[in-house]
Amino acid sequence: MASVKADAGTISYREAVAEGIAREMRRDPAVVCLGEDIGAAGGVFKTTAGLFAEFGPQRIWDTPISEQAIVGAAMGAAMTGIRPVAEIMFSDFLACCWDYLANEIPKVRYMTGGQVTVPLVIRTANGGGLGFGAQHSQAVENWALTIPGLKIAAPSTPADVIGLMASAIRSDDPVVFFEHKGLFASKGLLPPEGHLVELGKAAVVREGTDVTLVALAYTVPIALAAAERLAAKGISTEVVDLRCLIPMDMTTVLASVAKTSRLVTVEENPHQAGWGATVVSVVVDEGFQLLDAPVRRVASANVPLPFADALEDEVMPTVDKVVAAAESVANF
Amino acid sequence: MEASLYRMVRLIRRFEERCVELVRSGDIIGGIHPYIGQEAIAAGVCAALRFDDIITSTHRGHGHVLAKGADPIRMLAELCGKVTGLNRGRGGSMHAADFSKGIFGANGIVGAGGAIATGAAWAFLRQGGGDKVAVSFFGDGAVSQGVLLEAMNLAALWKVPVLFVCENNGYATTLTVSESVAGTICGRASAFGIPSSTVDGMDAAVVFEAASAAVESARRGEGPAFLECLTYRFDAHHTWEHKARVRYRPAEEEVSGRLRDPVEIAGGRLDPAERESIDEAIEALLDEAVAFATTSPAPDPSTALDYLYGSAVLP
Ligand SMILES: Cc1ncc(C[n+]2csc(CCOP(=O)(O)OP(=O)(O)O)c2C)c(N)n1
Ligand SMILES: [Mg+2]
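- Named according to an unreviewed UniProt entry, chain B is Acetoin:2,6-dichlorophenolindophenol oxidoreductase subunit alpha originating from Rhizocola hellebori.
- Under the heading Cofactor (unreviewed entry), UniProt records this for chain B: "thiamine diphosphate".

- Per an unreviewed UniProt entry, the recorded name for chain A is Pyruvate dehydrogenase subunit beta, and the organism is Rhizocola hellebori.
- Of chain A, the UniProt comment under Cofactor (unreviewed entry) reads exactly: "thiamine diphosphate".

1. Let's talk about the overall build of chain B
- The number of helices and strands found in chain B is 13 helices and seven strands.
- In summary, chain B has a C-alpha radius of gyration of 19 Å against a globular reference of 20 Å for 315 residues, a match within 12%.
- Each of the 315 residues in chain B was classed as buried or not, and the buried ones make up 51%.
- Of the contacts made within chain B by residues no fewer than 6 positions apart, 77% connect residues no fewer than 24 positions apart.

2. A closer look at the UniProt feature "domain: Transketolase-like pyrimidine-binding" (unreviewed entry) in chain A
- The feature "domain: Transketolase-like pyrimidine-binding" (unreviewed entry), as annotated in UniProt, sits at residues 11-186 of chain A in this numbering.
- With 35% helix and 19% strand, residues 11-186 of chain A has end C-alpha atoms that lie 8 Å from one another.

3. Some words on the interface of chain A and chain B
- Every contact between the two is made by 40 residues of chain A and, on the other side, 36 residues of chain B.
- If you list the elements that add at least two residues to the side of chain A that touches chain B, you get helix 3 (67-78), helix 4 (98-104) and helix 5 (108-111) of chain A.
- Ranked by residue count, the leading element in the side of chain A that touches chain B is helix 3 of chain A, at eight residues.
- Taken together, the residues that form the side of chain A that touches chain B break down as 16 nonpolar, 17 polar and seven charged.

4. Concerning the nonpolar core
- Counting residues in hydrophobic clusters, the biggest one holds 205 residues, and the most contacted among them are L213, V322 and A326 of chain A together with A120, A121 and L163 of chain B.
- It is helix 1 (residues 2-24) of chain B that contributes the most residues to this core, 10 residues altogether.
- Here this core gathers at least three residues from each of two domains, domain 1 (10-189) and domain 2 (203-330) of chain A.
- Other than its neighbours up to four places away in sequence, A121 of chain B contacts V133, A134, A155, V160, P161 and V162 of chain B.

5. Thoughts on the sheet that holds strand 9 (residues 203-206) of chain A
All names here are of chain A.
- Read from one edge to the other, the open sheet built from five strands follows the order 9-11-10-13-14, with strand pairing classed as mixed. With one partner strand each, in any of the chains shown, strand 9 and strand 14 (296-300) form the two edges of the open sheet. Within this sheet the neighbouring strands show an average axis-to-axis angle of 25°, counted without direction.
- Sheet analysis places strand 13 (residues 263-270) next to strand 14, joined by four bridges and oriented parallel. Pairing of P270 across the sheet is with S300, part of strand 14.

6. Let's talk about unusual backbone geometry
- Here the amide bond leading from I246 of chain A into P247 of chain A is cis, since omega sits at -5°, within 30 degrees of zero.
- The topology assignment puts P247 of chain A in the loop between strand 12 (244-246) and helix 9 (250-260).
- Residues other than glycine seldom take positive phi values, yet K159 of chain B does so here, at roughly 50°.
- Tracing the chain through its elements places K159 of chain B in the loop between helix 6 (146-157) and strand 3 (162-168).
- For K159 of chain B, a count of 15 C-beta atoms within 10 Å translates into the label partly exposed.
- Positioned with a positive phi, T173 of chain B is a non-glycine residue whose angle comes to about 55°.
- Checked against the element boundaries, T173 of chain B lands in the loop between strand 4 (171-172) and strand 5 (175-176).

7. Digging into the site of ligand 1
Residues and elements named next belong to chain B.
- In the vicinity of ligand 1, 15 residues are found, and the nearest of them are V110, G139, D140, G141 and A172.
- Secondary structure elements with two or more residues in the shell around ligand 1: strand 2 (134-139) and strand 4.
- Residue classes in the shell around ligand 1 are distributed as six nonpolar, seven polar and two charged.

8. Quick look at the confidence of the model for chain A
All names here are of chain A.
- Put simply, chain A has an average pLDDT of 96, and 98% of its residues get 70 or more.
- Ranking the elements of chain A by mean pLDDT puts helix 11 (residues 309-315) last, at 91, and strand 11 (residues 237-241) first, at 99.
- With pLDDT under 50 throughout, residues 1-6 is counted as low confidence; its partners more than four residues away or in other chains account for 17 contacts.

9. A closer look at the environment of L51 of chain A
All names here are of chain A.
- One can find L51 in helix 2 (residues 51-55).
- Judged by the 25 C-beta atoms lying within 10 Å of it, L51 is buried.
- Remark: the alpha-carbon pair of L51 and I38, spanning 13 residues in sequence, is separated by 8.5 Å.

10. Focus: the domain arrangement of chain A
Residues and elements named next belong to chain A.
- For chain A, the domain assignment lists domain 1 (10-189) and domain 2 (203-330).
- The C-alpha centroid of domain 2 is placed 26 Å from the C-alpha centroid of domain 1.
- Of all elements in the fold, only helix 6 (141-145), strand 6 (151-153), helix 7 (158-170) and strand 7 (175-180) reach the threshold of two or more residues within the side of domain 1 that touches domain 2.
- Grouping the amino acids of the side of domain 1 that touches domain 2 by side-chain chemistry returns 12 nonpolar, 11 polar and three charged.

11. Describing the sheet that holds strand 2 (residues 31-35) of chain A
Residues and elements named next belong to chain A.
- Strand order in the open sheet formed by seven strands is 3-2-4-5-7-6-12, and the pairing between neighbours is mixed. The open sheet has two free edges, formed respectively by strand 3 (60-62) and strand 12, since each of these has just one partner strand. Adjacent strand axes in the sheet meet at a mean angle of 20°, parallel and antiparallel pairs treated alike.
- Relative to strand 7, strand 5 (residues 121-126) runs parallel, the two sharing six bridges. The residue bridging A125 from the neighbouring strand is E179, located in strand 7.
- Running at roughly 160° to strand 7, helix 7 makes contact with strand 2, strand 4 (83-90), strand 5, strand 6 and strand 7 of the sheet.

12. Regarding the pairing of strand 4 of chain A
Residues and elements named next belong to chain A.
- Counting buried positions along strand 4 gives seven out of eight residues, so the element sits mostly inside the fold.
- Pairing of strand 2 with strand 4 involves five bridges; the strand directions are parallel. Bridging across to strand 4, V32 finds its partner in P84.
- Bridge count for strand 4 against strand 5 is five bridges, and the pairing is parallel. Residue pairing for strand 5: F90 is matched across the bridge by A125.

What counts and how
Residues numbered from 1 in each chain as written. Chains lettered and ligands numbered in written order. Predicted model: local features only at pLDDT ≥ 70, side-chain atom pairs only at ≥ 80, totals over all residues. UniProt positions renumbered as here; feature names shortened; annotations may be inferred. Helix = DSSP H or I, 4+ residues; strand = E, 2+ residues; numbered from the N terminus. Rg over C-alpha atoms; globule rule 2.2 N^0.38 Å. Buried ≥ 20, exposed ≤ 12 C-beta atoms within 10 Å, placed from the backbone. Contact = placed C-beta atoms within 7 Å. Nonpolar A, V, L, I, M, F, W, Y, C, P; charged D, E, K, R; others polar. Core = buried A, V, L, I, M, F, W, Y, C linked by C-beta atoms within 7 Å. Domains from an automatic or database assignment. Pairing = 2+ DSSP bridges. Axes fitted to C-alpha atoms, helices over the stretch in contact; angles between N-to-C directions. Near = placed C-beta within 6 Å. pLDDT = per-residue confidence, 0-100.

Put into structure tokens, the structure is as follows:
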């Protein structure tokens, strides 16, 4: 059982990954996993712990260090009707198989006039904060956002890991599933069997009236901590967990901005072409009249992620930076 | 078998010649990579396949797509960008596909099909009981692509039923094989313990025989195989060269390379009357295809966003 280590009622984000996959593997024999060190070793982040023991080598495949072959083979297999869940160990390594993410997987259905679907999930450990240096730490969700044809999920809680994993695996469209390294140790409620979170449905995780923070994955707890500090200063903050970048739930964001009239995005990807730019462009296009203040984006600086803690804090979004940005728009 | 091999070689040849005319007339935009000269490979390999086997193809893919059983009429409509095309006009020459026939598509990315075919073959293996195989066609240029090496390694490790078919036409665009391949082409397969052979890619019967042996061993569960087919591209790398007049092949070679013509080799084995009746049927079919392709409607611009996702994307 993938979830043996979970306390009654709670589960870590890390365990939730294996639990979410295991639940789908139990209900659908077409689901198979492949990736580096995911088998008996349970994954370098232990996110596939227990799967090999439960499902065996016919469903859990250890691969050589061949990102292109992993993702390319997953695509070929998916087009025959099985549902591969491919792991790319660190999201930075998506660059090694980018042809499949940019040219093959997202385009084949369109290019063939809808002849085929590609029901696969590419899971990957994303983001910084753990001191792994620039090639093992970048938040690259905005890379995937440049590509029509992919869907993108990036959960912030164990329950959402399980619920979004179920939707991603059941999706007939390819889903890039960003698991955040900085959240693996966090704990949350273990959702009941059958828990599903629809792709493209944001969650309002804190209600407020003065300013909207739109966050994703690792920045959700940052935004919530900032909201707590802002409350002490008399600023009522609404926090939207976007959960997915494609589909992007702008209905929920616009409804929140209609309430608060102020918007700050909290992103871990670099500011340049980060997902917040897309959120902001839709808000100013479709909801300009709702705004009472300029919008602000808190994102990582436009540099490779530096190694030293002091430098990492400097370039990544922090609670302080979010509080300052929210205050500036609230007091505009 | 001799008649059906000839028929396919001849169909591909004439299909490609009609395409070149349609490029000149502007009915095919964007040009094509003509398969002329290499027809025996697609015809011979696909004759060794069953309906439920699958192939991945290349930028020079018309021959593979036709030989695996795509309808030439809808194929030509696709090349002309018509809604009646195989891909409803969304694909064009480099992306023609017919999944109902196991044609996982021509592919504009050199080498990319190798991993896709390996994955499909892996899925066949997992499905158990069946004995379907996957074939990946690629050129000599693709053997220098990293992904192909990754795919061969994985295919050999997992013993999947995939056949790698390298069409060595001597050139990757303008670069000769000796300028681009260190070691040998089959040496790449041997490095992974994949059995390989080099055959005359101008003779469809020879290709058929070699492919049949490789396919049968894959069906028996003996894992991947690799076939290098020696051939010559009679026409341009791409029809763009017809205008650009790029010179990179010695004139004598262009003559000697065409001396052994796959159409004549396959046709020479038939009784002339039989050959003539096959030719006539092909001309009639292609006349119909050209008429259909040129008169079919273009896709409705309001459908430009269709077919991207299998399920809704906007909340
Ligand atoms: C990844 C990639 N790099 C470069 C190209 C451009 N390109 C298209 S065809 C070609 C040559 C391919 O040569 P080969 O594999 O021998 O096939 P041939 O054209 O001879 O059939 C090149 C370089 C491409 N389509 N894809
Ligand atoms: Mg070549």
